[in-house]
Amino acid sequence: MTPAYDCDVAVVGGGPVGAAVALGLTQRGLQVRLLDRDGPAPRVLADGDDYDLRVYALAPSCIAFLEQLGVWPAMAATRVSPYTRMQVWERDPATALPFSAADARVAALGSIVESGLLSEALWAPLPAGVAQRGVTVTRLAADDAGIDVGFADGSALRARLVVLAEGRDARLREQLGIESLSGRYEQTAVVCHVETERPHAGTAWQRFLASGPLAFLPLADGRSSIVWSSAGADALLALDDDDFRRALGDASEYVLGEITGCTRRVSFPLGVQHAERYVAPRAVLVGDAAHVVHPLAGQGVNLGLGDAQALVALLADAQAAGRDLASPRLLKRYERQRRADVIDMLAVTDGLYRAFRMPWPGLSAVRGFGFQAVSAMPPLRRELIRRAVGV
Ligand SMILES: Cc1cc2nc3c(=O)[nH]c(=O)nc-3n(C[C@H](O)[C@H](O)[C@H](O)COP(=O)(O)OP(=O)(O)OC[C@H]3O[C@@H](n4cnc5c(N)ncnc54)[C@H](O)[C@@H]3O)c2cc1C
């Protein structure tokens, strides 16, 4: 007897990564259900709307994937902000390590996009009946023929494969028996948008402070979005606006002059996670459900969209060839393809987090030497940029 399936693939979690998987698979002719608990909060822009406080720096490789999905032109017509230069420094902005799009021979190093607009771009083209909000998946049970996806209200659906895109609080991943290496960083990210005395000129700035990295990401309206990962985040959150602007000006060594305005602040506790496996019988992990990295390199969504692109290609080819979508060999191939990139990025972000926190005398001089050495060696700098932008 042929088992009855409600869909080929059930995607649990409609953040940017799950939504990209759902859209990509739908476009390649698979029957998909995208299931999300409480969001995300896709939004259609209205005049006068302020920017989302959550923004992502998307790398060119991810933008190419969004182009392939057909969603980038509409996004690019809104208020995405390409940036062509990045300056990284520790002690003196005059000695900042410069990265430029020209060095990497790309038009831009990346683009800053708002989280809600990215979600809207990925959810809007999904055919009716694919996406469902307000549903919490509480149970997964795989057997030889399929996998049952159970909801909080007691109902269920049956799929050939489940893609888990449930983000960092990966409860279902735990239910599948997949352990993960995880740790909490002694930093919390404080995020807001700021107005500055001088224009950002399409440049992203990042300073490595002993208390944590501080990034300025250029927004399309001339402001910058800041991500200040700090061991002293509670104190930063408690400051009134004037004192916060002064603290931020001091911490940024006034690279963009005085901070003349700021929005409300929000915070995100930071941690690192890496699942020991990305696959289980009839289930596969993508995005933060598989790996969480420190935001200092702005690579979390980029890694997740890389997962989505790889998985969509493998599953679509398998479907076209009439092969089993959940074959362990196929799922393992996905895991092999993604693991190396993820481990590279975990090593870089975790290594930088640790290196800049060390109070050892002399280490700062070594780091300063490293900055100058990279700066003085264009081929090395070019290679670092090409890796960062994924070209
Ligand atoms: C301060 C900060 C700055 C960052 N900046 C950048 C950046 O510049 N560039 C970048 O690439 N990355 C950045 N990141 C990382 C980025 O935010 C994450 O990597 C990204 O949100 C992960 O996307 P996701 O789709 O995997 O998960 P999420 O966005 O967490 O989405 C998971 C979804 O699953 C749903 N869900 C969970 N459980 C269930 C369930 N049981 N049933 C149904 N639905 C469920 C949730 O409601 C949610 O909508 C940053 C992170 C932080 C903290």
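Above this text is the structure in question.
Residues numbered from 1 in each chain as written. Predicted model: local features only at pLDDT ≥ 70, side-chain atom pairs only at ≥ 80, totals over all residues. Heavy atoms only, no water.

## Section: the overall build of the chain
Operational definition: Each helix is a run of DSSP H or I of at least 4 residues and each strand a run of E of at least 2, with the numbering of both proceeding from the N terminus. For each residue, the accessible area found with a 1.4 Å probe, counting protein chains only, is set against the maximum for its type, and the residue is called buried under 20%, exposed over 50%, and partly exposed in between. Contacts are assigned to residue pairs that have any heavy atoms within 4.5 Å of one another. To be clear on the numbers: accessible area is Shrake-Rupley with a 1.4 Å probe, and residue cover counts the displayed protein chains and nothing else.
Broken down by element type, the chain carries 12 helices and 20 strands. In the chain, which comprises 391 residues, the share counted as buried stands at 53%. Residue pairs at least 24 apart in sequence account for 72% of intrachain contacts in the chain once pairs closer than 6 positions are excluded. Accessible surface, the chain as shown: approximately 17100 Å² in total, 53% of it carbon and sulfur.

## Quick notes on helix α1 (residues 16-27)
What counts is decided by this rule: Helices are assigned an expected span. That span is 1.5 Å times one less than the residue count.
When the terminal C-alpha atoms of α1 are compared, their 16 Å separation across 12 residues agrees well with the 16 Å that a helix rising 1.5 Å per residue should span. A large share of α1 lies buried, amounting to 11 of its 12 residues. For α1, the full list of buried residues reads P16, V17, G18, A19, A20, V21, A22, L23, G24, L25 and T26. At the C-terminal side of α1, G29 shows a positive phi close to 90°.

## So, the environment of L248
With respect to the element layout, L248 can be found in helix α8 (residues 241-251). For L248, a relative accessible area of 0% translates into the label buried. Along the sequence, L248 and V194 sit 54 residues apart, while their C-alpha atoms lie 9.7 Å from each other. The residues contacting L248, other than those within four sequence positions of it, are V194, L214, F216, I226, W228 and I259.

## A short note on the site of the ligand
Under the convention used in this document: Throughout, near means a residue has at least one heavy atom within 4 Å of the molecule or strand. An automatic or database domain assignment is the source of the domain bounds shown.
With respect to spatial proximity, 31 residues lie near the ligand, and among them D36, D38, R54, D288 and V301 are the closest. For the shell around the ligand, the secondary structure elements donating two or more residues are α1, β2 (32-36), β3 (55-58), β12 (180-196) and α9 (300-320). A per-element tally of the shell around the ligand places α9 first, with 3 residues. Three or more residues apiece are contributed to the shell around the ligand by two domains, here domain 1 (7-61 + 117-182 + 272-352) and domain 2 (82-114 + 186-270 + 366-389).

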